[in-house]
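What follows is the residue order along each chain.
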Amino acid sequence: MMLFGRLVVTVATLVAGLLLSVGTARAEDGYDLWMRYRPLATAGATALRHDAQSVERRGDTATLRVAADELRRGLTGLSGRAVPEGPSPRPIVLATTADRDVAALRLPTATLGDEGYSIRPTSLGGRRVTLVTANTDRGVLYGSFALLRYVQTGGNLDRIDLTSTPRVKMRVLNHWDNLDGVVERGFAGQSLWDWWSLPDFRDPRYTDYARANASIGINGTVLNNVNAKVESLTPRYIAKAAALADIFRPYGIRVYLSARFSAPIELGGLKTADPLDPQVAAWWKAKADEIYRAIPDFGGFLVKANSEGQPGPRDYHRSHADGANMLAAAVAPHGGIVMWRAFVYAETDPDDRAKQAYTEFKPLDGKFARNVIVQVKNGAIDFQPREPFHPLFGAMPRTPLMIEFQITKEYLGFATHLAYLGPLFAETLSSETMQAPGETVAKVVDGSIEGHRLTGMAGVANIGRDRDWAGSTFNQANWYAFGRMAWDPTLGAAPVAREWAAMTFAPSPAIVDPVVRMMMGSREAVIDYMTPLGLAHVMATGHHYGPGPWVADLKRPEWNPVYYHRADKAGIGFDRTKTGSNAVAQYAPDLARRLADPATTPERELLWFHHVPWDRRMASGRTLWAEMVHDYDSGVAYVGDMRRQWDGLKAQVDAGRWDKTATYLAIQEREARWWRDASLAYWVSVNGLKLPAGTVPPEHDLGWYESQKIPYAPGNPQ
Ligand code: GCV
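Residues numbered from 1 in each chain as written. Predicted model: local features only at pLDDT ≥ 70, side-chain atom pairs only at ≥ 80, totals over all residues. Heavy atoms only, no water.

### Things to note about the overall build of the protein
- Looking only at helices and strands, the protein has 22 helices and 15 strands in total.
- Here the protein has a C-alpha radius of gyration of 27 Å; the compact-globule value for 718 residues is 27 Å, and the two agree.
- Projected onto its principal axes, the C-alpha positions of the protein cover 90 × 70 × 50 Å.
- Counting all 718 residues of the protein, 62% fall into the buried class.
- Across the protein, contacts joining residues at least 24 apart in sequence account for 73% of those joining residues at least 6 apart.
- As presented, the protein carries roughly 26,900 Å² of accessible surface, and 55% of it is formed by carbon and sulfur atoms. (Helix = DSSP H or I, 4+ residues; strand = E, 2+ residues; numbered from the N terminus. Rg over C-alpha atoms; globule rule 2.2 N^0.38 Å. Buried < 20%, exposed > 50% of the residue type's maximum accessible area, 1.4 Å probe, protein only. Contact = heavy atoms within 4.5 Å. Areas by Shrake-Rupley, 256 points an atom, 1.4 Å probe, with all protein chains shown as cover.)

### Describing helix H10 (residues 320-331)
- Taking 1.5 Å per residue as the helical rise, H10 with its 12 residues ought to reach 16 Å, and the 17 Å between its terminal C-alpha atoms agrees with that figure.
- The buried fraction of H10 is high, at 9 of 12 residues.
- Along H10, the residues classified as buried are His320, Ala321, Gly323, Ala324, Met326, Leu327, Ala328, Ala330 and Val331.
- Contacts from the buried residues of H10 go to helix H9 (278-294), strand E9 (300-303), strand E10 (337-341), helix H11 (353-361) and strand E11 (372-377). (Expected span 1.5 Å × (residues − 1).)

### A word on the domain arrangement of the protein
- By domain assignment, the protein separates into domain 1 (28-164), domain 2 (170-491) and domain 3 (528-574 + 611-706).
- Each side of the interface is counted separately: domain 2 has 24 residues, and domain 3 has 26 residues.
- Summed over both partners, the interface of domain 2 with domain 3 buries about 2,200 Å², with 57% contributed by carbon and sulfur atoms.
- Summed over the shared surface of domain 2 and domain 3, the result is 1 salt bridge.
- Where domain 2 touches domain 3, the interface holds 12 residue pairs in polar contact (both at pLDDT 80 or more).
- Residue classes in the side of domain 2 that touches domain 3 are distributed as 10 nonpolar, 7 polar and 7 charged. (Domains from an automatic or database assignment. Buried area = accessible area lost by both parts, 1.4 Å probe. Salt bridge = Lys/Arg side-chain N within 4 Å of Asp/Glu carboxyl O. Polar contact = N/O pair within 3.5 Å; in protein donor to acceptor, adjacent residues only side chain to side chain. Nonpolar A, V, L, I, M, F, W, Y, C, P; charged D, E, K, R; others polar.)

### Comments concerning the site of the ligand
- Neighbouring the ligand are 15 residues; Glu184, Lys304, Arg341, Lys377 and Glu410 lie closest to it.
- Between an oxygen atom of the ligand and a side-chain N or O atom of Lys377, the distance comes to 2.6 Å.
- One of the side-chain N or O atoms of Glu410 is found 2.5 Å from an oxygen atom in the ligand.
- Considered on its own, the ligand offers 340 Å² of accessible surface; in the complex 96% of this is hidden by protein. (Near = heavy atom within 4 Å.)

### Topic: the packing of aromatic side chains
- The final tally for this structure, using the stated rule, is 39 aromatic pairs.
- Consider the rings of Trp193 and Tyr206, whose centres lie 6.0 Å apart with planes at 50°: the pair is tilted. Separated by 13 residues along the polypeptide, Trp193 in the loop between strand E6 (170-174) and helix H6 (204-215) and Tyr206 in helix H6 bring together distant segments of the chain. Each of the two residues, Trp193 as well as Tyr206, counts as buried.
- Centre to centre, the rings of Trp193 and Tyr209 are 5.0 Å apart; their planes meet at 85°, and the pair counts as edge-to-face. Taken together, the residues Trp193 in the loop between E6 and H6 and Tyr209 in helix H6 connect sequence positions 16 residues apart. Each of the two residues, Trp193 as well as Tyr209, counts as buried.
- Looking at Arg205, its charged tip hangs above the ring of Trp469, at a distance of 4.1 Å from the centre. (Phe/Tyr/Trp six-rings, centres within 6.5 Å; stacked < 30°, edge-to-face > 60°. Lys NZ or Arg CZ within 6 Å of the ring centre and 35° of its normal.)

Here's what the structure looks like:
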């Protein structure tokens, strides 16, 4: 009997072992993202096999149902044992704080707000349970995903004790998806929204999209491009948006639409879209009422106005506040909001492009309606690999500002280059504005210093119809990091990368450590081989793929790379001090003083703020020119290192994801070299300097690089 017992255990162990190995060896295509739920070999998973005997749901809302389903699905996968729903001697209980038994526990849940959760082992009705509780069923859903994350990253359920509340209220994806399926700056295939077959066909993928977003706390999605087409506001398209809203609702995700400001003319037949015209206001009010009839929890509008050819209130000599407030009045009775973008620059304005948004918006501080939030890009130009934080942060204390990051990598090598953006998000969010004591960009965004309750973070989505959603496995990390950091901007890029790597591959240091090492330096490597030391916007025309520092012939000055780098025989960089555009004066006085002097400007931002002689001595002791060459070389070398590290992981990653990543890294190394060589060839043609001794010369002459054309690059609006 004893022998038989041992045999059973051994066979069970073998089966479990087999399950685990099958889990890692099976080819994967990345569809499952970080929600792979493959059997785990961690101590936590062993506890899971014994303890989480069932998932018990107290209540019957759609959100509680999807929370329970996700938990069962996840725990079944992770433990290798079917976890049923219903009571058991040792369940995971999902219940809001309104539940009588939970209320009797008198847990400190007041600080959880609408979306926070608390998870702990406790005794409930005489049983030992793991309790996932929150003030709302949405909080319980987030708690369920947090529990799964905890187990997926190696945590032991016996010891779970998690409490978390989001610091930012609106955590929103912006899809730049056109109604014809093309995604502006999208590198992961066609739009996920099949507008043609909606509202009838509800692709199961929409549900998986909602699951993925809910798992990282994203609670809003703007479905259409900010370069908006008016048709998205027609009844036909409202019905399609409503179908998506129905699918997303149980997951706590609200739908928003980008609104074209001139819609009252184009759809309503009015003669004007002047925001102060009563007929225009009435048209928008009726349109909002119509949308809310179809989508009762519609989030509101996102607007790009008077920028890059879009219509807006300035067409009628009205301010951005006039435009935003008129729309805000239309959605206010329904609890909706307006996200009004500050990404504004005009061809008629000869001033430094980096200054224009501040100049336009700063005087409007305090003039926006209560349900307007101004959406400001992380930097003052346009999602460059590195930008100093936007000077509007901290400069409009009486106006809620939300930050807009680009998750899709328009200027960072598209989907093919590996660049983990966690460090970019963290760098901006932790920047000190010096406008108020202790104020960082994160504290402006979360409203804590200026006392705003309407707070938000937007990320331009990198999602498309590719099987792996984001164009590559590592691009998924940027979607993940955006959500996690929108929930809590102080999380830190490395801890978030560790979570993601553990969930995406396995919670073992043997894989997490090297993957996180690769990720953490990857964005800096892109900066090094594309835009070292504060350079910006030197990408090729239109699609922004590949180098184009020589481009000087485009219609608008600020579209030309030469406008940004200003390289000449004497030096390189954009003088934004008093002797130049004086953009530094838009920062708080102490910071402005620091940035006005090259000696106190961080070297990583030097050429953003200063025109610097090529022979300037840098902290390293090298001249600026030698430092630039050094950075280009480091960037290329880093990609070579990533390739080697990835090669070493071949046995630990399934073939499908390993192969694609390895191929992309090879492309990236080739293209990093292209960037370096083209840039050096061009700078030499301007400064007439020799390359520092020992430097490998560019492979081709400048003419060759200038003649390279990349037709049909994805994501480029034609
Ligand atoms: C949606 C940049 C991009 C445009 C984008 C614009 C914006 O200019 O290149 O494609 O348009 O930013 O943020 O509105």
